[in-house]
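Each chain, letter by letter, is given below.
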There are 2 protein chains.
Amino acid sequence: MCTTCGCPSEEHVHHHDHGEHISGGKISVETDILDKNNRYAGQNRALFREKGIFALNLVSSPGSGKTTILERTLADLSGELRCAVIEGDQQTDNDALRIAATGVPVRQINTGAGCHLDAHMVGHALEELSIAELEILFIENVGNLVCPAAFDLGEAHKVVVLSVTEGEDKPLKYPQMFHAADVMLLNKTDLLPHLDFDVEKCLEMARRVSPGIRIFRLSAKTGEGMAEWYEWLRGKR
Amino acid sequence: MCTTCGCPSEEHVHHHDHGEHISGGKISVETDILDKNNRYAGQNRALFREKGIFALNLVSSPGSGKTTILERTLADLSGELRCAVIEGDQQTDNDALRIAATGVPVRQINTGAGCHLDAHMVGHALEELSIAELEILFIENVGNLVCPAAFDLGEAHKVVVLSVTEGEDKPLKYPQMFHAADVMLLNKTDLLPHLDFDVEKCLEMARRVSPGIRIFRLSAKTGEGMAEWYEWLRGKR
């Protein structure tokens, strides 16, 4: 593991060890970070279990459409399911304002230069949310297909969102993230007629990295495919 | 700065200091990482100056089209400019194979779980490239709009690639990266007719974060706008 990213990586450590990068204590410092994160994640998970909350950690590249998926999902489901959202962003509260417009409770976490949410940040945000009656908590992570993969927030599932505009090879190029995810939302399918994107090849690559991954093809813009995603969410209540 | 990302962040440190996260020595460890990176970057920069090499560090979200831009640029320019490429990816050498097909020398760096290239990795790759006659070196970073912002590789400019499919608000949501970039390639303009994307709003946001940023609007797929980018590259030889 490498202190510069906090993610476990044999290759990266090996690479750094070539030179005069930090040595001695590096791996223990980083293990410590993930150990502490895992303890906080355990506390979050215990809270979710106690309160009967189904928590999802939405991860993706910037601009894959996580917030638009949430806006549409909340507009369509918040009448029947009690939802709340934790929004992670480097800066701005643009996304939290978009979620707030749906009437659903939301807390923003700004990470500054930080590249991911950690379980401690989420624990703080939970203290500020009214969760007594909550059924589903959506945690929208910082847009980053790398670093959030290593940080358990206490969620039931990591849900990776991939836009068809990003190319079908992303599961193989960012395997830690797709391996960590149990669910994948293949978004912006309305743009498929304008792209050279091989859906079946993409799904095959995703399943190669994460066998058993549950995949929904949808467009948050047109609404196509959203019904199956909603049905899955209802079944998890 | 935070050990989990290696990026300088007041907010992030503040956040971590709320809890029982690593304290004492954290900031010094991270400053050390960037200090060492900056020393390696200085060595790379001195080498580029000595050899008359114009080096660009291409940064973006995953799937914004960096490799496609490079493929087309090399196909069109490698007859008149001596180019080489360093490819950064978590895993796979897909991109390096695409570049190799253009006939231009290329070295792949796989970062494993690592979230960015650092100057030390690039220095190693330079040892393996024939750079005696080189005029332009393109370094394609790991697809990540966060962490690569903090790591100088010795380049003349960071060139941020933004796809119009990602939404116009990305410069404000990932301000460190857009602030660090002097040049922006707004890619996939061929898809504009199918999107709700406000080009002028995006450019205004980019300039707010990085006044004086040089912006090229282009589509590596159709070729529109590429001529201005080529003209700029020729002028930097």
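The rules behind each value
- Residues numbered from 1 in each chain as written.
- Chains lettered and ligands numbered in written order.
- Predicted model: local features only at pLDDT ≥ 70, side-chain atom pairs only at ≥ 80, totals over all residues.
- Heavy atoms only, no water.
- Salt bridge = Lys/Arg side-chain N within 4 Å of Asp/Glu carboxyl O.
- Helix = DSSP H or I, 4+ residues; strand = E, 2+ residues; numbered from the N terminus.
- Phe/Tyr/Trp six-rings, centres within 6.5 Å; stacked < 30°, edge-to-face > 60°.
- Buried < 20%, exposed > 50% of the residue type's maximum accessible area, 1.4 Å probe, protein only.
- Contact = heavy atoms within 4.5 Å.
- Pairing = 2+ DSSP bridges.
- Lys, Arg positive; Asp, Glu negative; His and termini not counted.
- Polar contact = N/O pair within 3.5 Å; in protein donor to acceptor, adjacent residues only side chain to side chain.
- Axes fitted to C-alpha atoms, helices over the stretch in contact; angles between N-to-C directions.
- Arc of directions from axis to C-beta.
- Disulfide = S-S within 2.5 Å.
- Parallel < 35°, antiparallel > 145°, perpendicular 65-115°, else oblique.
- Left-handed = near helix turned anticlockwise from the far one by under 90°.
- Nonpolar A, V, L, I, M, F, W, Y, C, P; charged D, E, K, R; others polar.

Q: So what's going on with the pattern of salt bridges? Which residues, and what values?
A: Residue and element names in this part refer to chain B. Under the criterion given, the structure shown has 32 salt bridges over all chains. Salt-bridge contacts for Arg 45 lead to Asp 152; the nearest nitrogen and oxygen are separated by 2.9 Å. Taken together, the residues Arg 45 in helix 2 (residues 26–51) and Asp 152 in the loop between strand 4 (136–140) and strand 5 (157–163) connect sequence positions 107 residues apart.

Q: So what's going on with the packing of aromatic side chains? Which residues, and what values?
A: What describes a pair of aromatic rings is the distance from one ring centre to the other and the angle between the planes of the rings. The tally for this structure, following the rule as stated, stands at eight aromatic pairs over all chains. Taken together, the aromatic side chains of Phe54(A), Phe216(A), Trp229(A) and Trp232(A) make up a single cluster linked through ring pairs.

Q: How would you sum up the environment of Phe197(A)? Please name residues and give values.
A: Residue and element names in this part refer to chain A. As for its placement among the helices and strands, Phe 197 is situated in the loop between strand 6 (183–187) and helix 8 (199–209). A relative accessible area of 12% means that Phe 197 is categorised as buried. C-alpha separation for the pair Phe 197 and Thr 165, spaced 32 residues apart in sequence, amounts to 7.7 Å. Apart from residues no more than four positions distant in its own chain, Phe 197 is found in contact with Val 164, Gly 167, Glu 168, Leu 186, Leu 192 and Cys 202.

Q: An account of the pairing of strand 4 of chain B is requested, with residue identities and associated values reported.
A: Residues and elements named next belong to chain B. Counting buried positions along strand 4 gives five out of five residues, so the element sits mostly inside the fold. Neither face of strand 4 is left uncovered, since the one carrying Ile 136, Phe 138 and Glu 140 and the one carrying Leu 137 and Ile 139 both have all their residues buried. Pairing geometry for strand 1 (residues 54–60) and strand 4, over five bridges, is parallel. The partner of Ala 55 across the bridge, within strand 4, is Leu 137. Here strand 2 (residues 83–89) pairs with strand 4 via five bridges, running parallel. What sits directly across from Ala 84, in strand 4, is Leu 137.

Q: Lay out the side chain of Glu168(A) with the relevant residues and their values.
A: Residues and elements named next belong to chain A. Residue placement: Glu 168 occurs in the loop between strand 5 (157–163) and helix 6 (170–173). Buried charge Glu 168 goes without a salt bridge, the closest partner of opposite sign being Lys 201 at 4.9 Å. Looking at Glu 168, its side chain comes within polar contact range of the main-chain nitrogen of Asp 198, at 2.7 Å. Leaving out residues up to four positions away in the same chain, Glu 168 has contacts with Asp 196, Phe 197, Asp 198, Lys 201, Cys 202 and Met 205.

Q: Lay out the sheet that holds strand 3 (residues 106–110) of chain B in plain terms, naming residues and giving numbers.
A: All names here are of chain B. Spatially, 3-2-4-1-5-6-7 is the arrangement adopted by the seven strands of the open sheet, whose pairing is parallel. Because the sheet does not close on itself, it has two edges, and the strands there are strand 3 and strand 7 (214–217). For this sheet, the mean angle separating the axes of adjacent strands, direction not counted, is 20 degrees. Direction of pairing for strand 2 relative to strand 3: parallel, over a ladder of five bridges. When the sheet's bridge partners are listed, Glu 87 is paired in strand 3 with Gln 108. Packed onto the sheet, helix 3 (residues 66–77) meets strand 1, strand 2, strand 4, strand 5 and strand 6 (183–187) and runs at close to 160 degrees relative to strand 4. Together, strand 2, strand 3 and strand 4 form the strand contacts of helix 5 (residues 119–128), whose direction differs from that of strand 3 by roughly 150 degrees.

Q: Would you mind going over helix 9 (residues 226–236) of chain B in detail, with residue names and values included?
A: Because each turn of an α-helix spans 3.6 residues, side chains separated by three or four positions in sequence point in the same direction. All names here are of chain B. Along helix 9, the residues classified as buried are Met 226, Trp 229, Tyr 230, Trp 232 and Leu 233. Looking straight down helix 9, one finds its buried side chains confined to an arc of 160 degrees; they lie on one side. Residues of helix 9 that are buried in the fold lie against strand 1, helix 3, strand 4, strand 5, strand 6 and strand 7.

Q: Residue-level account of the state of the cysteines, with values.
A: All names here are of chain A. Scanning all chains against the criterion turns up zero disulfides over all chains. Here Cys 115 is not disulfide-linked; the sulfur of Cys 147 is the nearest cysteine sulfur, at 3.6 Å. We classify Cys 115 as buried; its relative accessible area is 0%.

Q: Would you mind going over the sheet that holds strand 7 (residues 214–217) of chain A in detail, with residue names and values included?
A: All names here are of chain A. Read across the sheet, seven strands follow the order 3-2-4-1-5-6-7 without closing on themselves; strand pairing throughout is parallel. The sheet is open, and its two borders are formed by strand 3 (106–110) and strand 7, each paired with just one other strand. When the angles between neighbouring strand axes are averaged without regard to direction, this sheet yields 20 degrees. Contacts between helix 9 (residues 226–236) and the sheet are confined to strand 1 (54–60), strand 4 (136–140), strand 5, strand 6 and strand 7, with strand 1 contributing the most and set at about 145 degrees to the helix.

Q: How would you summarise the environment of Arg208(A) if you had to cite specific residues and measurements?
A: All names here are of chain A. Within the secondary structure, Arg 208 sits in helix 8. Judged by its relative accessible area of 52%, Arg 208 is exposed. Taking C-alpha positions, Arg 208 is 9.5 Å from Pro 175, a pair spaced 33 residues apart along the chain.

Q: Outline unusual backbone geometry, supporting the account with residue identities and numerical values.
A: In this structure, Lys188(A) takes a positive phi of about 65 degrees despite not being glycine. Along the chain, Lys188(A) falls in the loop between strand 6 and helix 8. A positive phi angle is found at Thr92(B), which is not glycine, with a value near 75 degrees. Mapped onto the fold, Thr92(B) is located in the loop between strand 2 and helix 4 (94–100). The exposure class assigned to Thr92(B) is buried, which follows from its relative accessible area of 18%.

Q: Give me the lowdown on the packing of helix 3 of chain B against helix 9 of chain B, citing residues and values where you can.
A: Residue and element names in this part refer to chain B. Look at helix 3 against helix 9: their axes get within 11 Å of each other, and the N-to-C directions meet at 65 degrees. With respect to helix 9, the element helix 3 is oriented roughly perpendicular. Along this stretch, helix 3 crosses helix 9, giving a crossing that reads as right-handed. Counted together, Ile 69, Arg 72, Thr 73, Asp 76 and Leu 77 of helix 3 and Met 226, Trp 229, Tyr 230, Leu 233 and Arg 234 of helix 9 form the full contact between these two elements. Classifying every residue of the contact of helix 3 with helix 9 by side-chain character gives six nonpolar, one polar and three charged.

Geometry only, nothing functional implied.
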